[in-house]
Amino acid sequence: MPVRLRMAMHGRRHNRIFHLVAINQRTRRDAKPMELLGIYDPALKLGDTHKTVKWSVDRIKYWLGVGALPSKSVVKLLECGGVLPPDSKYHPKVSGPKSGAASSKDSSSSLPSSSGMTSAAS
């Protein structure tokens, strides 16, 4: 059974809280999770300067150790909290164009245009 670490949304509109949960990836967003790992409250309370996150680091590391895949938003949250390093294997990598593909694209695009120009000029 593939397990994901993801956020489940709870609370009223404009007053949401998010539960960090370990859940079967085939179930809906707010389904009953296997385990509640943390609570993230993005709303600032009166007098607070930081958003509130309460989590169990040991249990998060356990689930990551047994193969659970975190979602993109969970990866960002865990990196900000210091649970995951910024260059972790879960961090989405920016994939730029490959050098081999760019050179073959340039050579293929120059061949038809040059051959087209010579045939049109003849």
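Our structure is the block above this text.
So, a few notes on the structure that sits alongside this text. Remember, predicted model here, so these are calculated numbers, not experimental data. (Residues numbered from 1 in each chain as written. Predicted model: local features only at pLDDT ≥ 70, side-chain atom pairs only at ≥ 80, totals over all residues. Heavy atoms only, no water.)

**Quick word on the nonpolar core**
- Grouped together as the largest cluster of nonpolar side chains are 18 residues, with contacts concentrated most on Leu 5, Leu 20, Leu 37, Ile 60, Trp 63 and Leu 78.
- Ignoring any residue separated from it by four or fewer positions in sequence, one finds Trp 63 in contact with Val 3, Leu 5, Ala 22, Met 34, Glu 35, Leu 37 and Ala 68. (Core = buried A, V, L, I, M, F, W, Y, C linked by side-chain atoms within 4.5 Å. Buried < 20%, exposed > 50% of the residue type's maximum accessible area, 1.4 Å probe, protein only. Contact = heavy atoms within 4.5 Å.)

**Points about the pairing of strand S3 (residues 35-41)**
- Across five bridges, strand S2 (residues 15-24) lies against S3 in antiparallel orientation. By the bridge assignment, Phe 18 is partnered in S3 with Tyr 40.
- Across four bridges, S3 lies against strand S4 (residues 52-55) in antiparallel orientation. Bridge assignment links Gly 38 to a residue of S4, and that residue is Trp 55. (Pairing = 2+ DSSP bridges. Helix = DSSP H or I, 4+ residues; strand = E, 2+ residues; numbered from the N terminus.)

**What about unusual backbone geometry?**
- Look at His 14: it is not a glycine, yet its phi comes out positive at around 65°.
- Counting through the fold element by element, His 14 comes out in the loop between strand S1 (3-12) and S2.

**Thoughts on the pattern of salt bridges**
- For the coordinates displayed, the defined rule picks out three salt bridges.
- For Asp 30, the salt bridge identified is with Arg 29, shortest N-O distance 3.0 Å.
- What makes Asp 30 partly exposed here is its relative accessible area of 34%.
- For Arg 29, a relative accessible area of 44% gives the class partly exposed.
- For Lys 45, the salt bridge is made with Asp 41, and the minimal N-O distance between the two is 3.1 Å. (Salt bridge = Lys/Arg side-chain N within 4 Å of Asp/Glu carboxyl O.)

**A short note on the sheet that holds S3**
- Pairing in this open sheet of five strands is mixed, and the strands run S4-S3-S2-S1-S5 from one edge to the other. The outermost strands of the open sheet, each flanked by one partner alone, are S4 and strand S5 (69-70).
- With two bridges connecting them, S1 and S5 associate as parallel partners. Across the sheet, Leu 5 pairs through a bridge with Pro 70, a residue of S5.
- Packing against the sheet, helix H2 (residues 72-81) makes contact with S1, S2, S3, S4 and S5, and its axis sits at approximately 90° to S1. (Axes fitted to C-alpha atoms, helices over the stretch in contact; angles between N-to-C directions.)

**Looking at helix H1 (residues 57-65)**
- Residues of H1 that are buried: Ile 60, Trp 63 and Leu 64. Mapping the buried residues of H1 onto a view down its axis gives an arc of 100°, with all of them on the same face. The exposed set on the far side of H1, more than 90 degrees from its buried face, consists of Asp 58 and Gly 65.
- In this structure, the buried side of H1 is in contact with S1, S2, S3, S4, S5 and H2.
- Following H1 by one or two positions, Gly 67 has its phi on the positive side, about 110°. (Arc of directions from axis to C-beta.)

**Considerations on the packing of aromatic side chains**
- Within the structure shown, the criterion is met by two aromatic pairs.
- Pairing Tyr 62 with Trp 63 gives two aromatic rings, centres 5.5 Å apart and planes at 70°, and the pair type is edge-to-face.
- Take Trp 63: its relative accessible area is 12%, and that puts it in the buried class. (Phe/Tyr/Trp six-rings, centres within 6.5 Å; stacked < 30°, edge-to-face > 60°.)

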